[in-house]
Amino acid sequence: MTAPGHGPSTWHRARPWLLQATAAAAMIAAYFLLPIDRLGPRHPLLSWIVFAVALGLVAVLLLRQIRDVLLDRPGTRPGLVIPLLICLSVLVFATTYLALAKSPGEFSGLTTRVDSLYFTVVTLATVGYGDIFPRGQLARLVTIVQLLYGGVFLTAAATALSRRVHNLLAQRIGRGSDG
């Protein structure tokens, strides 16, 4: 006999969230461990192609999740997918900033992967402490793209996710008052 709260239904409910946490940890580990020496000023075309394809792919996947929430498609799991895509977009920008920082004069104060991740999150949050800042035209352009991308795609995705949570809560409350 299994103890209450520890049966298969608990594992079934926790499993997607454990997978999500594992996927997020894997993405962050990959960001810190993968060599990105081929990106940067020595291979500018490759760098821009990787940036554009990665950002475009994340945007398409976010738009699919937003569509599925707006159409209330059954079986969708935006609570699992959207946070992972937001994490991935942060890592795409952080990698791009790190590659740009290899060019002299593009950034002030950005030298490590942690610096790059920090700058990406600070920019996403529109805090702007000023300890790291874009100096070059390309770095400023990517920062503008991040601000616009965050304002459009990430805000829309977060709004869709909160709408989904609101609808699920409303359904549960409605079921509770029926009984």
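Parameters at a glance
Residues numbered from 1 in each chain as written. Predicted model: local features only at pLDDT ≥ 70, side-chain atom pairs only at ≥ 80, totals over all residues. Heavy atoms only, no water. Core = buried A, V, L, I, M, F, W, Y, C linked by side-chain atoms within 4.5 Å. Buried < 20%, exposed > 50% of the residue type's maximum accessible area, 1.4 Å probe, protein only. Helix = DSSP H or I, 4+ residues; strand = E, 2+ residues; numbered from the N terminus. Contact = heavy atoms within 4.5 Å. Salt bridge = Lys/Arg side-chain N within 4 Å of Asp/Glu carboxyl O. Patch = residues over 30% accessible without salt bridge, like charges linked within 9 Å, V, L, I, M, F, W, Y side chains within 5 Å. Areas by Shrake-Rupley, 256 points an atom, 1.4 Å probe, with all protein chains shown as cover. Axes fitted to C-alpha atoms, helices over the stretch in contact; angles between N-to-C directions. Parallel < 35°, antiparallel > 145°, perpendicular 65-115°, else oblique. Left-handed = near helix turned anticlockwise from the far one by under 90°. Nonpolar A, V, L, I, M, F, W, Y, C, P; charged D, E, K, R; others polar. Phe/Tyr/Trp six-rings, centres within 6.5 Å; stacked < 30°, edge-to-face > 60°. Polar contact = N/O pair within 3.5 Å; in protein donor to acceptor, adjacent residues only side chain to side chain.

What follows concerns the nonpolar core. The biggest cluster of nonpolar side chains holds 28 residues, and the ones touching the most others in it are Leu-62, Phe-93, Tyr-97, Phe-107, Leu-110 and Tyr-149. Those elements that place two or more of their residues in this core are α2 (44–70), α3 (78–100) and α5 (137–178). Looking at this core, the element that brings in the most residues is α3, giving 8 residues. If sequence neighbours within four positions are ignored, Phe-107 has contacts with Tyr-97, Leu-100, Ala-101, Phe-119, Ile-132, Phe-133, Pro-134, Arg-135 and Ala-139. By size, the runner-up hydrophobic cluster in this structure holds 6 residues, among which are Met-27, Tyr-31, Leu-84 and Cys-87.

Under the criterion given, the structure shown has 2 salt bridges. The salt bridge partner of Arg-67 is Asp-68, with a shortest N-O separation of 3.1 Å. Under the relative-accessibility criterion, Asp-68 is labelled buried at 9%. Between Arg-73 and Asp-68 there is a salt bridge, with its nearest N and O atoms 3.2 Å apart. Since its relative accessible area comes to 34%, Arg-73 is described here as partly exposed. Salt bridges linked by common partners bring Arg-67, Asp-68 and Arg-73 together as one network.

Turning our eyes to something else, we now look at a nonpolar patch on the surface. On the surface, a nonpolar cluster with roughly 380 Å² of combined accessible area is contributed by Ile-28, Phe-32, Leu-33 and Val-114. If you tally residues by element for the nonpolar patch, the top one is helix α1 (residues 8–33), at 3 residues. As for its placement among the helices and strands, Val-114 is situated in helix α4 (residues 113–124).

Packed helix pairs are specified by the crossing angle of their axes together with the interaxial distance, meaning the distance between the axes. Look at α3 against α4: their axes get within 8 Å of each other, and the N-to-C directions meet at 125°. As summarised for this structure, α3 and α4 are arranged oblique, according to the angle between their axes. Helix-helix and strand crossings are classified by hand; for α3 and α4 the assignment is right-handed. When α3 is examined against α4, the residues Val-90, Leu-91, Phe-93, Ala-94, Thr-95, Tyr-97 and Leu-98 are found in contact with a partner set consisting of Arg-113, Ser-116, Leu-117, Phe-119, Thr-120, Val-121 and Leu-124. Of the residues assigned to the contact of α3 with α4, the class counts are 10 nonpolar, 3 polar and 1 charged.

Below, the discussion takes up unusual backbone geometry. The backbone of Asp-72 shows a phi angle near 50°, a positive value even though the residue is not glycine. With a phi angle near 50°, Thr-126 is a residue other than glycine that sits in the positive phi range. Mapped onto the elements of the fold, Thr-126 is located in the loop between α4 and β2 (133–134).

Attention shifts here to the packing of aromatic side chains. By the definition in use, this model includes 10 aromatic pairs. Measuring from centroid to centroid gives 5.3 Å for Phe-107 and Phe-119, while their planes differ by 80°, and the two rings are edge-to-face. In this pair, Phe-107 is assigned in strand β1 (residues 107–108) and Phe-119 in helix α4, connecting sequence segments 12 residues apart. For the pair shown, Phe-107 and Phe-119 are each scored as buried. Each residue in the set Trp-48, Phe-51, Phe-93, Tyr-97, Phe-107, Phe-119, Tyr-149 and Phe-153 is aromatic and connected to the rest through ring pairs, giving one cluster.

What follows covers the side chain of Gln-146. With respect to the helices, strands and loops of the structure, Gln-146 is situated in helix α5. A relative accessible area of 3% places Gln-146 in the buried class. Every residue in contact with Gln-146, bar those within four places of it in the chain, is listed here: Phe-93, Tyr-97, Thr-120, Thr-123 and Leu-124.

Structurally, the position occupied by Ser-47 is in helix α2. Among the residues examined, Ser-47 registers a relative accessible area of 14% and is labelled buried. From its side chain, Ser-47 meets the backbone oxygen of His-43 in a polar contact 2.9 Å long. Sequence-distant contacts of Ser-47, defined by excluding residues within four places in its chain, comprise Arg-38, Leu-39 and Gly-40.

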